[in-house]
Every structure is written in structure tokens, then in C-alpha cells.
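Structural overview
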Amino acid sequence: MNTIGIEQLQPNHFYWARLLPNEGSLASEPNEIQVVQVSTVFGAASEFWTVAVMGSDEHFDFASFEFFHKVPTPPSSGEQRSNLKLVSSVSLAANH
């Protein structure tokens with residue numbers, strides 16, 4: 001699987017990534033691929049960005065991970081609203 005260079009990462013976006021083993025760890029198996037976020041919680045400038053692990057409050061530096069693919073951004077609520085049809089409760093009662 002090809003990796004993404006850290007210079008291609010974008011703030012506040014999500015990526016599939018794998019935590020690299022530490023120098024002192026006994027990693028017999030590779031770590032699992034997980035979803036992480038490029039976090040700007042410590043500052044908006046790229047030198048303050050960290051990798052936030054979903055489901056935890058842990059933040060890591062970029063060198064701790066290898067990045068694979070960007071997770072597609074879901075459509076915004078405005079895009080979804082255009083497909084919704086308003087149905088009043090009065091018209092529902094009249095049809096029954």
C-alpha cells in the first residue's frame with residue numbers, strides 16, 4: 001500500500017494511518033490501520049499540527065505514523081437538504 005507524505009496532509013482532515021512501532025517496543029505484528037485527524041488544537045500554523053487518534057485524547061507528532069489515504073469528507077447538511085421533501089402532517093392525515 002502506498003503512503004502519503006506529511007507535506008500532503010491537510011489540517012482538520014481525516015486519514016487512514018498506522019502507528020509506527022517505538023524504538024523500545026517489541027512489535028511482532030504491525031499496528032492496525034486506523035482513522036486519525038490532522039489536528040490544529042495546538043495552533044493553526046503547520047508546525048503546531050498533531051495527529052489526533054479518534055476515540056481518545058491522544059495526540060502524536062507526524063513521525064509517529066505512516067499515512068495511507070485521505071478519508072472522503074461526507075456531504076454537508078446543506079447538500080443533503082436539497083434532496084429532502086417537506087411533508088406536512090395535515091397532508092398525511094388527509095391521505096389516510
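Residues numbered from 1 in each chain as written. Predicted model: local features only at pLDDT ≥ 70, side-chain atom pairs only at ≥ 80, totals over all residues. Heavy atoms only, no water.

1. Concerning the overall build of the protein chain
For clarity, the threshold we go by: Numbering of helices and strands starts at the N terminus; helices are DSSP runs of H or I of at least 4 residues and strands are runs of E of at least 2. For the exposure calls, accessible area comes from a 1.4 Å probe over protein chains only, and a residue counts as buried if that area is under 20% of its type's maximum, exposed if over 50%, partly exposed in between. We call two residues in contact whenever any of their non-hydrogen atoms come within 4.5 Å of each other.
Looking only at helices and strands, the protein chain features two helices and five strands. Order of helices (α) and strands (β) in the protein chain, N terminus to C terminus: β-β-β-β-β-α-α. The burial tally for the protein chain puts 19% of its 96 residues in the buried class. In the protein chain, of all internal contacts separated by at least 6 residues, the share reaching a separation of at least 24 is 50%.

2. So, the sheet that holds strand 3 (residues 50-53)
Selection criterion: Strand pairing follows a simple DSSP-based rule, namely that at least 2 bridges must link the two strands.
Spatially, five strands are ordered 4-3-2-1-5 in an open sheet, and the strand pairing comes out antiparallel. Sheet topology places strand 4 (59-60) and strand 5 (65-70) at the edges, where each strand pairs with a single neighbour.

3. Notes on the packing of aromatic side chains
Heads up, the condition is: Working definition: rings of Phe, Tyr and Trp (its six-membered ring) pair if their centres are within 6.5 Å, and the pair is stacked with planes under 30 degrees apart, edge-to-face with planes over 60 apart, and tilted otherwise.
What the rule picks out here adds up to four aromatic pairs. Here the aromatic rings of F60 and F65 are separated by 5.5 Å at their centres, their planes lie at 75°, and the arrangement is edge-to-face. For F60, a relative accessible area of 22% gives the class partly exposed. Overall, F65 belongs to the buried group, its relative accessible area being 5%. An aromatic cluster is defined as three or more aromatic residues linked by ring pairs; in this entry it consists of Y15, F60, F62, F65 and F67.

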